[in-house]
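Okay, here's what each chain looks like letter by letter:
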Protein chains: 2
Amino acid sequence: MRPVAKSPTIIDVARLAGVSTATVSRVINGTSAVVPETAERVRLAIQELRFVPRSAAQVLASRKTNTLGLILTEIRGAFFPHLLRGVEAATRAAGYQLLIYTVSDIPADRPTLLGEHNTDGLLVFTSSLSLNELQRLSATGFPLVLMHQTPSDGLEIPMVTIENKDGAERLVSHLIESHGRRRIVFLRGPAGHEDSAWRERGYREALAAHGLPVDERLITLGDFDEVTAGASLQRLLQAGIDFDAVFAGDDDSAIGVFRALKAAGRSIPQDVAVVGFDDVQLASYITPTLTTVRAPIEEVGREAVRQLKRLIDGQPVEPLTLLPTELVIRESCGCPAGH
Amino acid sequence: MRPVAKSPTIIDVARLAGVSTATVSRVINGTSAVVPETAERVRLAIQELRFVPRSAAQVLASRKTNTLGLILTEIRGAFFPHLLRGVEAATRAAGYQLLIYTVSDIPADRPTLLGEHNTDGLLVFTSSLSLNELQRLSATGFPLVLMHQTPSDGLEIPMVTIENKDGAERLVSHLIESHGRRRIVFLRGPAGHEDSAWRERGYREALAAHGLPVDERLITLGDFDEVTAGASLQRLLQAGIDFDAVFAGDDDSAIGVFRALKAAGRSIPQDVAVVGFDDVQLASYITPTLTTVRAPIEEVGREAVRQLKRLIDGQPVEPLTLLPTELVIRESCGCPAGH
DNA sequence: ACGCTTACTGTAAACGCTTACGTCATCATA
DNA sequence: TATGATGACGTAAGCGTTTACAGTAAGCGT
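What you see is a predicted model; the values in this text were computed from it and never measured. (Residues numbered from 1 in each chain as written. Chains lettered and ligands numbered in written order. Predicted model: local features only at pLDDT ≥ 70, side-chain atom pairs only at ≥ 80, totals over all residues. Heavy atoms only, no water.)

Trainee: I'd like to hear about the packing of aromatic side chains, residue by residue, with values.
Mentor: For the structure shown, the criterion picks out eight aromatic pairs over all chains. Both rings, one in Phe79(A) and one in Phe125(A), keep their centres 5.8 Å apart while their planes meet at 50°; by these two values the pair is tilted. A residue pair is termed long-range when its members are at least 10 positions apart, and Phe79(A) in the loop between β1 (67-72) and α5 (80-93) and Phe125(A) in strand β3 (residues 121-125) qualify at 46 residues. According to the relative accessible area criterion, Phe79(A) is partly exposed, its value standing at 26%. A residue is classified by how much of its surface remains accessible, and Phe125(A), at 11% relative accessible area, is buried. Their ring planes at 25° and their centres at 5.3 Å tell us that Phe186(B) and Tyr203(B) sit as a pair that is stacked. One end of the pair, Phe186(B), is in strand β6 (residues 184-188); the other, Tyr203(B), is in helix α8 (residues 194-209), with 17 residues separating them in the sequence. Judged on exposure class, the residue Phe186(B) and its partner Tyr203(B) are both buried. Clustering of aromatic rings is evident, with ring pairs tying together Phe186(A), Tyr203(A), Phe247(A) and Phe277(A). We note Arg201(A) situated over the ring of Trp198(A); from NZ or CZ to the ring centre the distance is 4.0 Å. (Phe/Tyr/Trp six-rings, centres within 6.5 Å; stacked < 30°, edge-to-face > 60°. Helix = DSSP H or I, 4+ residues; strand = E, 2+ residues; numbered from the N terminus. Buried < 20%, exposed > 50% of the residue type's maximum accessible area, 1.4 Å probe, protein only. Lys NZ or Arg CZ within 6 Å of the ring centre and 35° of its normal.)

Trainee: I'd like a rundown of the domain arrangement of chain A, residues and numbers included.
Mentor: Residue and element names in this part refer to chain A. Looking at the assigned domains, one finds that chain A contains domain 1 (10-53), domain 2 (67-161 + 297-323) and domain 3 (164-295). Computed over C-alpha atoms only, the centres of domain 2 and domain 3 are separated by 30 Å. Approximately 510 Å² of surface area, both sides summed, lies buried where domain 2 meets domain 3, with 47% of it carried by carbon and sulfur atoms. Looking only at domain 2, the three residues that lose the most surface to domain 3 are His148, Thr150 and Ile297, adding up to 62% of its buried area. The interface formed by domain 2 and domain 3 holds two residue pairs in polar contact (both at pLDDT 80 or more) in total. (Domains from an automatic or database assignment. Buried area = accessible area lost by both parts, 1.4 Å probe. Polar contact = N/O pair within 3.5 Å; in protein donor to acceptor, adjacent residues only side chain to side chain.)

Trainee: Outline the side chain of Arg181(A), listing residues and values.
Mentor: Residue and element names in this part refer to chain A. When you line up the elements, arginine 181 lands in the loop between α7 (164-179) and β6 (184-188). This buried residue, arginine 181, is left without a salt bridge; aspartate 244 holds the nearest opposite charge, at 5.3 Å. Looking at arginine 181, its side chain comes within polar contact range of the main-chain oxygen of aspartate 244, at 2.8 Å. Side-chain polar atoms of arginine 181 contact the backbone oxygen of proline 269, separated by 3.1 Å. Non-local contacts of arginine 181, meaning those with residues more than four positions away in its chain, are made with Leu175, Ile176, Leu212, Asp244, Ala245, Pro269, Gln270, Asp271, Val272 and Ala273. (Lys, Arg positive; Asp, Glu negative; His and termini not counted. Salt bridge = Lys/Arg side-chain N within 4 Å of Asp/Glu carboxyl O. Contact = heavy atoms within 4.5 Å.)

Trainee: So what's going on with the protein's contact with DNA strand C? Which residues, and what values?
Mentor: Looking at DNA strand C, there are 28 residues lining it, with Thr23(A), Arg26(A), Arg63(A), Ile10(B) and Ser25(B) nearest. Take the atoms of DNA strand C that sit within 4 Å of the protein: sugar and phosphate atoms are 71% of them. At 2.7 Å, a side-chain N or O of Arg26(A) approaches a base nitrogen of DNA strand C. Elements with a minimum of two residues in the surface near DNA strand C: α2 (21-29) and α4 (55-62) of chain A together with α2 (21-29) and α4 (55-62) of chain B. (Near = heavy atom within 4 Å.)

Trainee: Account for the environment of Glu88(A), with residues named and values stated.
Mentor: Structurally, Glu88(A) is set in helix α5. The class of Glu88(A) is buried, set by a relative accessible area of 6%. A sequence separation of 14 residues divides Glu88(A) from Thr102(A), and the C-alpha atoms of the two residues are 16 Å apart. Discounting residues that sit within four places of it in the chain, Glu88(A) has contacts with Leu98(A), Ile75(B), Tyr101(B) and Thr102(B). In terms of polar contacts, Glu88(A) uses its side chain to reach the side chain of Thr102(B), at 2.7 Å.

Trainee: If you had to explain the protein's contact with DNA strand D to someone new, which residues and values would you point to?
Mentor: Residues in close proximity to DNA strand D total 29 residues, the closest being Ile10(A), Ser25(A), Ser20(B), Arg26(B) and Val35(B). The contact atoms of DNA strand D, taken as those within 4 Å of the protein, divide so that sugar and phosphate hold 67%. The separation between a phosphate oxygen of DNA strand D and a polar main-chain atom of Ile10(A) is 2.5 Å. One of the side-chain N or O atoms of Ser25(A) is found 2.5 Å from a phosphate oxygen in DNA strand D. Mapped onto the surface near DNA strand D, the elements with two or more residues apiece are α2 and α4 of chain A together with α2 and α4 of chain B. Classifying every residue of the surface near DNA strand D gives 14 nonpolar, 11 polar and four charged. (Nonpolar A, V, L, I, M, F, W, Y, C, P; charged D, E, K, R; others polar.)

Here it is, written out as structure tokens:
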């Protein structure tokens, strides 16, 4: 019984196949022609020795990591799996591997040992990287794509996100036009949340477009969270502020709104119409079913990878990709069921 | 304007700090003592040059990748985010990076270029790797941990999963003992699905323990899928087979069962009690709220990483870790609300 | 028959780190 | 004072690939 056999290297393969390591490398990577018979011998040798190239060595020698990094703050939320799914699929389709980093919620200026030479490019989700860090990386020409984050002035990094504003505007317009609502509450997401900011803009523009005033008392915090949203709504109720509809910011908040409204004996949608954003699974199961906006999250991931690949390959990229959102009309806005 | 400055290497740092590369390496990795002043000089040089070690070079030279691989078939399903969350957190806590692989659903004997020398260890989710592949890797002493997969005979790979059988047994026993149900349908998950097999075992044992016969006609396919489950149940109904409860295999199936039952005018839980497994978010929102079993999925991920680390470090590991499940009693089994 | 391509293949120099060893002070001990 | 020990570095040999570059043989047109 020999001691644990050291695992084979390209040299062993070369020796067994009776060729040089260069040739072995060539058949592995298909980088240049090799006589079929020779190639076959090499392939056999690889199989026999169960040779697996050390990617570290490949990376070091070739100066390309074949790896994409995905950096985000938190693995949570209903849409995360979709995002990852898209990213993963596209990454694989492009022949890359996926390295996942998470960073603490508050993007301090940590030295970010990641990135740079250890991935060929980085996908940055929302504000998981500080502006500083972003600028530094971007300045060195390192391929970077932002997801769900819009231009911080003068930053030339491609970004892909969804049409938050447009979706929100259509949603609110629907409330106004089809259901005659005029005093519409808006529940903000967490402070500094990009998506929320754009949805709010859509909300305001929809009101403006219909000549409705914006009552700032109707805009309060939902935090994209059921509990917070419920509490905020209750406060509104108690304060006796009048409203006939709620745009909850996202679906989770909408659930909280449902709770608070039901607890207060207000009927949905007769007394108050409620709409959300995201179209989580729950949306079509609660009573009444929730009118909301569907966003192509998976496609965001996919598209971001595509842009990143173009960047890596030196092809021209889209500075800003806005993926269209889709209104999902259900019952909670006042529309009849089964539509 | 110079051409793009080549990014600095450890040599540049050494030169700037007036030390050898060995010393730089030492301060970077803290592998041996360095006089504080010297260390500081090195650190300054690193900062000034914005030096970032090439991990490929580190890996190649040190023979350790500091990377854990997670291999799975599909990024989907309600519990996936939890799993990943646990894995990611534990991975980071252990000082490793996370590489994610997905493989096509059918684990053919693909050459699996992953693993081996490109990660320090692999987390394998369910049957994403063929038994062959598993044996091969395991035989070379490569650190491997299985998640949601139980022993295939003679395979000495640590596994961590949840107490499916126990959970199912308690669930079914509850149906029998507290609600006097005797003809209980069981909806199987996809063929070959480990979790499902164990749940079925729990179902059978619960029946046996209460002296109830197993009517094979009551066991049919739910496929862990709403539509399939609904169709299966409808078939049962049409065939006029009598039953007073349904253990749906998982919560998604339970939703399908709800639909089918309501469509058929049967009331839940009066006519038919329904229970699921997983405790997805939806479970507490549907009407009636769903009695189910909660599994510590995140903890599975965490624990798997812990075991993997022990394996890598050559410490003794637990051959099988079964994480306890918890009964979540709600209304759909017949228990009063608000319990 | 002669040069000129063309098609393969081998040689060997990187790639950027880590680390076993060796060296040289320094210092406590005998 | 001689003797190890110990601590702080430097030297240089890898780690396992890729890839210029060069070499060789065969094919081709004239």
